[in-house]
Amino acid sequence: MIQQLVLLLVVAWTIVTHAGTENRSVLVFGGTQFMGRLFASSLLDWNKKTDSTYHYNITLLTRGYSTDPFVKEESVKHILCDRLERKLCLKHLLSADIQWHFVVDFTGFHPLQIDDLRLGLRRRGTDGTEHLAVDHYVYISSDSVYMATELPRHDGPLREQDDAMGDEAYSDTLRQRHPYQFNYGDLKRQCEERVRQVQVLELETGASAGVSNLTLPYTILRLPDVFGPFDDTSRYW
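All values reported here derive from a predicted model rather than from experimental measurement.

Draft legend 1. How the structure looks around the side chain of Asn47. Structurally, Asn47 can be placed in helix H2 (residues 34-47). By relative accessible area, Asn47 is classed as buried at 15%. Polar side-chain contacts of Asn47 include one of 2.8 Å to the backbone nitrogen of Tyr56.

Draft legend 2. Fine view of H2. Along its 14 residues, H2 runs 20 Å from first to last C-alpha, staying within 8% of the 20 Å computed at 1.5 Å per residue. Burial analysis of H2 places 12 of its 14 residues in the buried class, which makes it a mostly covered element. Within H2, burial applies to Phe34, Met35, Gly36, Arg37, Leu38, Phe39, Ala40, Ser42, Leu43, Leu44, Trp46 and Asn47.

Draft legend 3. Molecular detail of the packing of helix H4 (residues 111-120) against helix H6 (residues 179-196). For the pair H4 and H6, the least separation of the axes is 8 Å and the interaxial angle reads 25 degrees. Comparing the axis directions of H4 and H6 gives the class roughly parallel. The two elements H4 and H6 cross, and the hand of that crossing is right-handed. Of the residues in H6, those in contact with Pro111, Leu112, Ile114, Asp115 and Arg118 of H4 are Leu187, Gln190, Cys191, Arg194 and Val195. Residue composition of the contact of H4 with H6, grouped by class: six nonpolar, one polar and three charged.

Draft legend 4. Quick peek at helix H3 (residues 86-95). Residues of H3 that are buried: Cys89, Leu90 and Leu93. The arc enclosing the buried residues of H3, seen along the axis, measures out at 100 degrees, which places them on a common side. Of the exposed residues in H3, those oriented more than 90 degrees away from the buried face are Lys87, Lys91 and Ser95. Contact partners of the buried residues in H3: strand E1 (23-29), strand E2 (55-62), H4 and strand E5 (122-124).

Draft legend 5. Just the packing of aromatic side chains, in detail. By the definition in use, this model includes three aromatic pairs. Here the aromatic rings of Tyr137 and Tyr139 are separated by 6.4 Å at their centres, their planes lie at 25 degrees, and the arrangement is stacked. You'll find Tyr137 and Tyr139 in the same group, each marked buried.

Draft legend 6. Focus on the side chain of Arg118. Note on placement: Arg118 falls in helix H4. Of the buried charged residues, Arg118 lacks a salt bridge, with Asp115 as the closest side chain of opposite charge at 6.2 Å. Of note is the side chain of Arg118, whose polar atom sits 3.4 Å from the backbone oxygen of Val195.

Draft legend 7. Fine view of the packing of H3 against H4. Where H3 meets H4, the axes come as close as 8 Å, and the angle between the chain directions of the two elements is 30 degrees. Judged by the inter-axis angle, H3 sits roughly parallel to H4. Handedness of the H3/H4 crossing: right-handed. Counting all contacts with H3, which are made through Arg86, Leu90, Leu93 and Leu94, the residues of H4 involved are Leu112, Asp116, Leu117, Leu119 and Gly120. For the contact of H3 with H4, a count of residues per class yields six nonpolar, one polar and two charged.

Draft legend 8. Representation of the sheet that holds strand E3 (residues 76-80) within the structure. Taken in spatial order, the six strands line up as E3-E2-E1-E4-E7-E10 in an open sheet, and their pairing is parallel. Every other strand in the sheet has two partners, leaving E3 and strand E10 (218-223) as the edge strands with one partner each. Pairs of neighbouring strands in the sheet enclose a mean axial angle of 20 degrees, with direction left out of account. With four bridges joining them, E1 and strand E4 (residues 100-105) adopt parallel strand pairing. By the bridge assignment for E4, Phe29 is matched with Asp105. In this fold H6 packs onto strand E7 (134-142) and E10, with an angle of close to 160 degrees to the strand it touches most, E7.

Reading the values: the criteria
- Residues numbered from 1 in each chain as written.
- Predicted model: local features only at pLDDT ≥ 70, side-chain atom pairs only at ≥ 80, totals over all residues.
- Heavy atoms only, no water.
- Helix = DSSP H or I, 4+ residues; strand = E, 2+ residues; numbered from the N terminus.
- Buried < 20%, exposed > 50% of the residue type's maximum accessible area, 1.4 Å probe, protein only.
- Polar contact = N/O pair within 3.5 Å; in protein donor to acceptor, adjacent residues only side chain to side chain.
- Expected span 1.5 Å × (residues − 1).
- Axes fitted to C-alpha atoms, helices over the stretch in contact; angles between N-to-C directions.
- Parallel < 35°, antiparallel > 145°, perpendicular 65-115°, else oblique.
- Left-handed = near helix turned anticlockwise from the far one by under 90°.
- Contact = heavy atoms within 4.5 Å.
- Nonpolar A, V, L, I, M, F, W, Y, C, P; charged D, E, K, R; others polar.
- Arc of directions from axis to C-beta.
- Phe/Tyr/Trp six-rings, centres within 6.5 Å; stacked < 30°, edge-to-face > 60°.
- Lys, Arg positive; Asp, Glu negative; His and termini not counted.
- Salt bridge = Lys/Arg side-chain N within 4 Å of Asp/Glu carboxyl O.
- Pairing = 2+ DSSP bridges.

Rendered as C-alpha cells:
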C-alpha cells in the first residue's frame with residue numbers, strides 16, 4: 001500500500017536523523033480523503049504501538065469539505081484553507097509556530113502551490129538568518145508526468161530520467177490525444193521542477209517580490225494509479 005511506503009520513508013528518516021527526539025511533527029497536505037487519510041491513519045496506528053519509541057504529532061491542511069475522521073484524536077490538529085486561496089494559505093503557514101520534521105504533500109497539483117508552500121515554511125531566527133520550518137519534504141507526484149514527455153530512446157521499462165519534454169509539435173500531439181492526462185502530468189512535472197529549484201520568488205503582497213535561496217530537502221514519489229478505500233474521485237467505480 002502507498003501509505004505504508006510513505007510511512008516507511010518517514011519512520012526510516014526519523015530514525016536516521018532524529019535519534020534523540022521522541023516526538024515528531026508531521027504536516028500533511030490532505031488527510032481526510034483517500035491516500036492522505038490512510039497515511040494519517042498509519043501514523044496514528046504507529047503511535048498506538050506499545051513498543052513504539054517515536055510519537056507523531058500530526059497537522060492536516062485541508063479545505064474542510066470532508067467529514068473529519070480524526071475529530072477525537074488528540075494528536076491531530078487542523079489548518080483549514082483552500083490552496084487556491086493562495087494568500088490565506090500562506091498566512092496560515094507563516095503563522096504556524098512549529099518546526100515540522102516532515103511535510104507530506106498529497107494535494108500539490110499546480111507549481112504555484114509549491115511556491116506558496118516553500119514561502120510559507122520560511123522563518124527568520126532571532127539572529128536574522130533564515131531557515132525552513134521543515135526537515136524533509138515528501139512530494140507525492142504521479143507517473144502521469146510521462147504522459148507529457150517525449151518517448152524514451154531505450155528499450156525496457158521507463159526510467160526516472162525519462163521525463164524530458166518533447167518539442168512543441170510533439171507536445172501538441174500528446175495534448176490532443178490525451179488532454180486530461182497531458183495537462184495533469186505536465187502540471188505534476190512542473191511541480192517537481194519547483195520542488196527541485198533553489199530560488200523561489202515571493203508571492204506579491206503589494207511590495208516588490210523578493211527571492212528565497214533556501215534549499216528544500218525533498219523526496220519525490222511518482223506513484224502509479226492508486227486504488228483503495230476512501231477514493232473520492234469515482235474514477236473506476
